[in-house]
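Take a look at the letters that make up each chain.
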Amino acid sequence: MAFVRFRSARPTNDLRALERFYVQALGCVRLGAFEDHEGFDGLIVGAPDASWQVEFVRERGVAAPRAPTREHLLVFYVADRAALAACEAAMRAAGHAPVEPHNPYWLRHGVTFTDPDGYPVVIAVPA
């Protein structure tokens, strides 16, 4: 099977906070958004070519839960340690402090932040 695109979706309560985190601080591209699509609002971020996407969805009138475990995370790989340092600096400049990852592997290969919904977000270099 040859997939041409990948999208992961998850619920949220605050699309604006996630846009500030993922687009303005982390540097993902805002690929799209929608409002009141059959009771759902959404934000889609990802790669400039849209080959991978993360969709955040807010269902009107329904509270989304926080991250269920510390291993429900997103991992963004960068090319090298210099790119990792630049990304970490941008996140810190936007007011996001690194956190200790649950899995020590991520501490050796990257830096972890927590998004507004409590999900760990790892920026790492390939091992």
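Refer to the structure above for everything that follows.
Residues numbered from 1 in each chain as written. Predicted model: local features only at pLDDT ≥ 70, side-chain atom pairs only at ≥ 80, totals over all residues. Heavy atoms only, no water.

A. Geometry of the overall build of the chain. Per the secondary structure count, the chain includes 3 helices and 7 strands. Counting helices and strands in the order they occur from the N terminus, the chain gives β-α-β-β-β-β-α-α-β-β. Along the first, second and third principal axes, the C-alpha atoms of the chain reach 45 × 35 × 30 Å. Across the 127 residues in the chain, those meeting the buried criterion constitute 38%. By sequence separation, contacts in the chain at least 24 residues apart represent 55% of the contacts at least 6 residues apart. Approximately 7,500 Å² of the chain is accessible, and the part contributed by carbon and sulfur atoms is 55%. Separation between the mean location of the 13 positive side-chain charges and that of the 15 negative ones in the chain comes to 4 Å. (Helix = DSSP H or I, 4+ residues; strand = E, 2+ residues; numbered from the N terminus. Buried < 20%, exposed > 50% of the residue type's maximum accessible area, 1.4 Å probe, protein only. Contact = heavy atoms within 4.5 Å. Areas by Shrake-Rupley, 256 points an atom, 1.4 Å probe, with all protein chains shown as cover. Lys, Arg positive; Asp, Glu negative; His and termini not counted. Charge placed at Lys NZ, Arg CZ, Asp CG, Glu CD.)

B. Region of the structure containing the sheet that holds strand β4 (residues 52-59). The mixed open sheet is built from 4 strands, whose spatial order is β1-β4-β3-β2. Both edges of this open sheet fall to β1 (6-11) and β2 (29-37), since each of them pairs with a single strand only. Adjacent strand axes in the sheet meet at a mean angle of 15 degrees, parallel and antiparallel pairs treated alike. Strands β1, β2, β3 (40-46) and β4 of the sheet are contacted by helix α1 (residues 15-25), whose axis makes an angle of about 0 degrees with β3. (Pairing = 2+ DSSP bridges. Axes fitted to C-alpha atoms, helices over the stretch in contact; angles between N-to-C directions.)

C. Quick peek at the packing of aromatic side chains. Scanning all chains against the criterion turns up 6 aromatic pairs. Centroid distance Tyr 22 to Phe 56: 4.9 Å. Interplanar angle 35 degrees. Geometry classified as tilted. You can see Tyr 22 sitting in helix α1 and its partner Phe 56 sitting in strand β4, a full 34 residues away along the chain. Where Trp 52 meets Phe 76, the ring centres are 5.6 Å apart and the plane angle is 65 degrees; that geometry is what we call edge-to-face. (Phe/Tyr/Trp six-rings, centres within 6.5 Å; stacked < 30°, edge-to-face > 60°.)

D. Summary view of the pairing of β4. With 6 bridges connecting them, β1 and β4 associate as parallel partners. Counterpart to Ala 9 in the pairing with β4 is Glu 55. The pairing of β3 with β4 spans 7 bridges and is classified as antiparallel. Considered in β4, the bridge of Ile 44 is made with Glu 55. Taking the residues between adjacent antiparallel strands as the criterion, β3 and β4 are bridged by 5 residues, where Ala 50 takes a positive phi near 65 degrees.

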